[in-house]
Amino acid sequence: MSHSHLNPEATPFLPAITSLPTLPDAALISTLDLLFEPSPELHALALPTLRTISFSSYDDLISTIRDELLAIANAVALSAADPSVPDSEKENIKRPLHAILGSHPRLGEPKRETLSAQSKKEQAHLNAAGDSQEVKEELRRLNKEYEEVFPGLRYVVWVNGRPRGEIMGDMRRRIGRGDLRAEEREGIKAMCDIAADRAAKLLKSAQEAVEHSA
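Residues numbered from 1 in each chain as written. Predicted model: local features only at pLDDT ≥ 70, side-chain atom pairs only at ≥ 80, totals over all residues. Heavy atoms only, no water.

A. Geometry of the nonpolar core. Leu35, Phe36 and Leu61 are the most contacted members of the largest nonpolar core, which totals 46 residues. Tallying contributions element by element places helix α8 (residues 180-213) first for this core, with 8 residues. (Core = buried A, V, L, I, M, F, W, Y, C linked by side-chain atoms within 4.5 Å. Buried < 20%, exposed > 50% of the residue type's maximum accessible area, 1.4 Å probe, protein only. Helix = DSSP H or I, 4+ residues; strand = E, 2+ residues; numbered from the N terminus.)

Okay, structure coming up:
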């Protein structure tokens, strides 16, 4: 697909999937930042993958990154359970994964300037002006409690249009479970579900822009 009909300054778009191995690092990083929240650790993980693998679709790319992140999560779990591994090494294994998962904004984050354009759209109904102060305070409290139970992580979920009450119920469930290893895996799945949804919407928008300009 030619991008000559699109104005990348006005409309974010994903480059043709087959072109990725030939693009400069800056273009690959911009592509990753459209799919995932900006994260230097994710860039370091994903750039070699984008350079060496030919993907058939963006879903294929996202699935591969998910598998890589799950492999890291497995290494984190194995090292955490091994008393012979020094604490400093355990921290080095864990740090990149937690940095990636921690790059997501807090749900209902009042400082809207800290949100990516994609997160602003995804969380729009969670930041509804009509919400009571009590509800907003409860969401802030849950964010704080979550981060106390899981230091270094942010609660990550694919909102997918679900109401605030349902999302808050899921937060309580995951806080109550208190399982850091399960939370790492669930966070990976959620961030990749979000990425797949973003890719589908961006590709649809690009196709519509081409059709309208034809």
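B. Layout of helix α7 (residues 164-177). The end-to-end C-alpha separation of α7 is 20 Å, in line with the 20 Å expected for 14 residues at 1.5 Å each. Residues Arg164, Ile167, Met168, Asp170, Met171, Arg174 and Ile175 constitute the buried set of α7. Viewed along the axis of α7, the buried residues span an arc of 155°, placing them on a single side of the element. In α7, those exposed residues whose orientation departs by more than 90 degrees from the buried face are Gly165 and Gly176. Positive phi shows up at Gly178, right after α7, with a value of about 60°. (Expected span 1.5 Å × (residues − 1). Arc of directions from axis to C-beta.)

C. The environment of Ser19, seen in detail. Here Ser19 lies in the segment before α1 (25-35). A distance of 2.7 Å separates a polar atom in the side chain of Ser19 from the backbone oxygen of Ala16. (Polar contact = N/O pair within 3.5 Å; in protein donor to acceptor, adjacent residues only side chain to side chain.)

D. Just unusual backbone geometry, in detail. One non-glycine residue with positive phi stands out, namely Asn160, at about 55°. Considering the arrangement of structural elements, one finds Asn160 in the loop between α6 (133-149) and α7.

E. Layout of the packing of aromatic side chains. All chains considered together, the criterion is met by 2 aromatic pairs. A centroid spacing of 4.9 Å and a plane angle of 55° characterise the contact between Tyr146 and Phe150, whose relative ring orientation is tilted. Here the two residues Tyr146 and Phe150 agree in accessibility, since each one is buried. Seen in terms of ring centroids, Tyr146 and Tyr155 are 5.6 Å apart; in terms of plane orientation they differ by 75°. Their pairing is edge-to-face. For Tyr155, a relative accessible area of 3% puts it in the buried group. An aromatic cluster is present here, built from Tyr146, Phe150 and Tyr155 joined pairwise through their rings. (Phe/Tyr/Trp six-rings, centres within 6.5 Å; stacked < 30°, edge-to-face > 60°.)

F. Inspection of helix α2 (residues 40-52) at higher detail. Over its 13 residues, α2 runs 19 Å from end to end, which matches the ideal 18 Å to within 8%, given 1.5 Å per residue. All of the buried residues along α2 are Leu42, His43, Ala46, Leu47, Thr49 and Leu50.

G. Molecular detail of the packing of α6 against α7. α7 packs onto α6 with a crossing angle of 25° between their chain directions and a minimal axis gap of 10 Å. With respect to α7, the element α6 is oriented roughly parallel. Two packed elements cross with a definite hand, and for α6 against α7 that hand is left-handed. Taken together, the residues of α7 that come into contact with α6 (itself represented by Val135, Glu138, Leu139, Leu142, Asn143, Glu145, Tyr146 and Val149) are Arg164, Met168, Met171, Arg172, Arg174 and Ile175. The residue makeup of the contact of α6 with α7, split by class, is 8 nonpolar, 1 polar and 5 charged. (Axes fitted to C-alpha atoms, helices over the stretch in contact; angles between N-to-C directions. Parallel < 35°, antiparallel > 145°, perpendicular 65-115°, else oblique. Left-handed = near helix turned anticlockwise from the far one by under 90°. Contact = heavy atoms within 4.5 Å. Nonpolar A, V, L, I, M, F, W, Y, C, P; charged D, E, K, R; others polar.)

H. Expanded view of the pattern of salt bridges. Evaluation of the coordinates by the stated rule reveals 22 salt bridges. The residue Glu148 makes a salt bridge to Lys144 at a minimum N-O spacing of 2.6 Å. On the criterion of helical spacing, the pair formed by Glu148 and Lys144 is a turn pair, its members being 4 residues apart in helix α6. The exposure class assigned to Lys144 is exposed, which follows from its relative accessible area of 53%. The partner of Arg177 in a salt bridge is Glu186, and the shortest N-O contact between them spans 2.7 Å. For Arg177, a relative accessible area of 34% corresponds to the partly exposed category. Residue Glu186 is classed as partly exposed on the basis of its relative accessible area of 23%. Salt bridges here are not isolated pairs; linked through shared partners, they connect Asp170, Arg173, Arg174, Arg177, Glu183 and Glu186. (Salt bridge = Lys/Arg side-chain N within 4 Å of Asp/Glu carboxyl O.)

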